Amino acid sequence: MTLGEQSFDEYVPGGEADDRLSVHQRLSQWFLLRGTRLSVTVFLLTGVLAALLLLSVVRPVDMHNLLSETNTVQSMFNTLLSGIILLVSIVVSINSIVFSQEITDIQNQRERIDASIQYRGRIEEFLESNVSPARPAEFLRVILRVIDQQTTALANIAAKSDDDEFREEAEAFSDRVTADTERAGETLSNAEFGTFKVLLAGLNYDYSRQLNAARRFKRKYGNSLADDEREAINDLIDTLKFFATGREYFKSLYYKRELARLSSRLLYVSLPTIVFTSYVLLALDTNIFPSTSVFGISPLLLFVSVSYTIALAPYVILTAYVIRAVTVTLNTLAAGPFILQRGAELDEFDWSEHASNDWNVTSPKKEFSDD
């Protein structure tokens, strides 16, 4: 199963899926999403150093001749030094372009604030309190609670319906939504402010399937629904759309925060790395390393291996951040009632009920004359 085909159920921190994961899946979970990027960076650098030393022990003669009798090592560190400077320049330039979008006039800033207040005010219509929570985790929990209440109300209204199929589907739909909202709510309740766990719980909530189911209710039973049933479905669809809007907004904030952290940590790491790599080039020219070795590892070999690992630090930091951003993007490509993951439990579209000769397709009115 490729990354884009997986569900976030396998990555939910503290979720039910954790008990069913193997050691390999737990490691992948930590590496891709749950682990801090600093820990992932240290893990990758340690792996690089261990691999270099292991290769040196397996073929010590070839490595010793390569390091002592050729200029390959100096060329390699020269290339790394140039690459570090270029990498930092590119990333900081991209960061500057992204953050330049935040430099706007007061009118645009006011429109942003008004839109945010208007969005929060829509959710507050369903709350008993006057103001919705300001923290993202608590705000998402409020929306999930509203969705749960609306689906329960829909099931209660459907229980009085004469349509047995609609009543059964509404009850099953309510049970599924209640289970999903409770699981996501528990994850959010244990999440610390500002952690990736808050974003992950929101990304994992499967609003797309619920939005499809609600729209299917409205389309399938539209002619037979009572006014209160139709109103309950419309309220649920609106709330799910507001949840989708909030999720995409929080995801954009996550990307902005990750880009800022990536740029700052690259700057902090790159300058010491550049200085150290320059020192390595000077030290290799002196050729003052003793020829002794322990377990097949000479001082020159150990020095080059450690230096190479340190020189890779900026690239590994970039890798750690990009891997998590790519994982989030691949699992949230579509916003709205579209599902791109395989294995989704969805009803197949019945083409037999929609033969082409039975479709009544109306042409839009022409807004312009032909002449």
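Provided above is the structure to which this section pertains.
About the thresholds
Residues numbered from 1 in each chain as written. Predicted model: local features only at pLDDT ≥ 70, side-chain atom pairs only at ≥ 80, totals over all residues. Heavy atoms only, no water. Salt bridge = Lys/Arg side-chain N within 4 Å of Asp/Glu carboxyl O. Helix = DSSP H or I, 4+ residues; strand = E, 2+ residues; numbered from the N terminus. Buried < 20%, exposed > 50% of the residue type's maximum accessible area, 1.4 Å probe, protein only. Expected span 1.5 Å × (residues − 1). Core = buried A, V, L, I, M, F, W, Y, C linked by side-chain atoms within 4.5 Å. Contact = heavy atoms within 4.5 Å. Phe/Tyr/Trp six-rings, centres within 6.5 Å; stacked < 30°, edge-to-face > 60°.

Side note on the pattern of salt bridges
Inference 1: Per the stated rule, a full pass over the model turns up 12 salt bridges.
Inference 2: Close ionic contact of Arg176 with Asp180 constitutes a salt bridge, the shortest N to O distance being 3.4 Å. Of this pair, Arg176 and Asp180 both sit in helix H7 (residues 164–189), four residues apart, which is roughly one turn of that helix.
Inference 3: Taking relative accessible area as the criterion, Arg176 reaches 45% and is therefore assigned partly exposed.
Inference 4: With a shortest N-O distance of 3.5 Å, Arg230 and Asp227 are connected by a salt bridge. Linking Arg230 with Asp227, this pair stays in helix H10 (residues 227–286), spanning three residues, or about one helical turn.
Inference 5: Look at the salt bridges and you will find they share partners, linking Glu165, Glu169, Arg216 and Lys220 into a network.

Quick look at helix H2 (residues 37–58)
Inference 1: In this model, H2 (22 residues) spans 32 Å end to end at C-alpha, consistent with the 32 Å of a helix rising 1.5 Å per residue.
Inference 2: Among the residues of H2, those classed as buried are Arg37, Val40, Thr41, Leu45, Leu53 and Ser56.

Description of the nonpolar core
Inference 1: With 32 residues, the main nonpolar core has Ile147, Tyr205 and Phe243 as its most contacted residues.
Inference 2: Where this core is concerned, the elements lending two or more residues are helix H5 (106–124), helix H6 (136–158), H7, helix H9 (207–220) and H10.
Inference 3: With nine residues, the single largest contributor to this core is H6.
Inference 4: When near neighbours in sequence (up to four residues on either side) are disregarded, Tyr205 contacts Leu144, Ile147, Val177, Asp180, Thr181, Ala184, Gln210, Phe243 and Arg247.
Inference 5: In terms of nonpolar packing, the next biggest core, distinct from the first, is built from 18 residues, Val73, Val280, Leu281 and Ala311 among them.

Some details on the environment of Arg167
Inference 1: In this fold, Arg167 is placed in helix H7.
Inference 2: Of the residues examined, Arg167 reaches a relative accessible area of 24% and is grouped as partly exposed.
Inference 3: Sequence separation between Arg167 and Asn156 is 11 residues, and the spatial gap between their C-alpha atoms is 9.0 Å.
Inference 4: Setting aside chain neighbours within four positions, we find Arg167 in contact with Ala158, Ala159, Ser161 and Asp162.

Describing the packing of aromatic side chains
Inference 1: All chains considered together, the criterion is met by 10 aromatic pairs.
Inference 2: With centroids separated by 6.4 Å and ring planes inclined at 85 degrees, the aromatic side chains of Phe139 and Phe250 adopt a geometry described as edge-to-face. Taken together, the positions of Phe139 in helix H6 and Phe250 in helix H10 put the pair 111 residues apart, joining distant regions of the chain. An identical accessibility class is assigned to Phe139 and Phe250; each is buried.
Inference 3: Through pairs of rings, three or more aromatic residues link up here, namely Tyr119, Phe139, Phe242, Tyr249 and Phe250.

No statement about biological role is implied by the geometric values presented.
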